[in-house]
Amino acid sequence: QVQLVESGGGLVQPGGSLRLSCAASGSIFSRYTMGWYRQAPGKQRELVASITSSSTTNYVGSVKGRFTISRDNAKNTAYLQMTSLTPEDTAVYYCNARGIGREYWGQGTQVTISS
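The structure presented is a predicted model; accordingly, all values stated were derived computationally and were not measured. (Residues numbered from 1 in each chain as written. Predicted model: local features only at pLDDT ≥ 70, side-chain atom pairs only at ≥ 80, totals over all residues. Heavy atoms only, no water.)

**Q** Mind showing me how you'd approach the overall build of the chain here?
**A** Summing up its helical and strand segments, the chain has zero helices and eleven strands in all. Reading the chain from its N terminus to its C terminus gives the helix and strand order β-β-β-β-β-β-β-β-β-β-β. In terms of overall dimensions, the chain is globule-like: its C-alpha atoms have a radius of gyration of 13 Å, near the 13 Å expected for 115 residues. Taken along its principal axes, the extent of the C-alpha atoms in the chain is 40 × 25 × 25 Å. Looking at the chain residue by residue over its 115 residues, the buried ones come to 43%. (Helix = DSSP H or I, 4+ residues; strand = E, 2+ residues; numbered from the N terminus. Rg over C-alpha atoms; globule rule 2.2 N^0.38 Å. Buried < 20%, exposed > 50% of the residue type's maximum accessible area, 1.4 Å probe, protein only.)

**Q** Looking at this structure, I do not really get the environment of Asn-73. What am I missing?
**A** Its location among the elements puts Asn-73 in the loop between β7 (67-72) and β8 (77-82). Sequence spacing of Asn-73 and Phe-29 is 44 residues, and the spatial spacing of their C-alpha atoms is 6.6 Å.

**Q** Is there a simple way to explain empty space enclosed by the protein in this structure?
**A** A probe as big as a water molecule, rolled over the atoms, marks out the empty space that is left. Under the counting rule described, the total for this entry stands at one cavity of 30 Å³ or more. Looking at the largest cavity, its volume works out to about 30 Å³. Lining the largest cavity, in full, are Thr-33, Met-34, Gly-35, Tyr-37, Leu-47, Ser-50, Asn-96 and Arg-98. Counting residues per element, the ones that place at least two in the lining of the largest cavity are β4 (33-39), β5 (46-51) and β9 (91-99). For the lining of the largest cavity, the element with the highest residue contribution is β4, accounting for four residues. Residues belonging to the lining of the largest cavity are distributed by class as follows: three nonpolar, four polar and one charged. (1 Å grid on protein atoms, 1.4 Å probe; cavity = no way out; pocket = protein on both sides within 12 Å on 5 of 7 lines; lining within 4 Å. Points joined across faces, edges and corners; volume = space filled by probe spheres on them. Nonpolar A, V, L, I, M, F, W, Y, C, P; charged D, E, K, R; others polar.)

**Q** Whenever I open this one, the state of the cysteines confuses me. Can you help?
**A** Such a bond, covalent and formed between the sulfur atoms of two cysteines, is termed a disulfide. Counted by the stated rule, this structure contains one disulfide. Disulfide pairing places Cys-22 opposite Cys-95 at an S-S distance of 2.0 Å. Torsion about the S-S bond of the Cys-22 and Cys-95 cystine: about -80°, corresponding to left-handed handedness. Of this pair, Cys-22 sits in strand β3 (residues 18-25) while Cys-95 sits in strand β9, placing them 73 residues apart in sequence. By relative accessible area, which is 0% here, Cys-95 ends up buried. (Disulfide = S-S within 2.5 Å.)

Laid out in structure tokens, this is it:
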């Protein structure tokens, strides 16, 4: 069993930055692929970025060059550094941990980009 707790969301002006954190507990964090998803009102949840156990990263096209996913296995924590934020980035951001035959979600953290 893995528990995921996101933090770092909030209200930011366009062009600003935020760093989301996802603290994991309860299992072997380093073996999981970690992902950040987001869901805006009226839209489907989408994968924003992921990082494998070997630190291979993947990004959705709309955030490439602006967002950076990373992980610190010693701290059991994954991060999403977000820069050059726009109102289109407004959503609830969810942390996801995926292993063989199992998947876990955090409760989500709200990110709002507005002037």
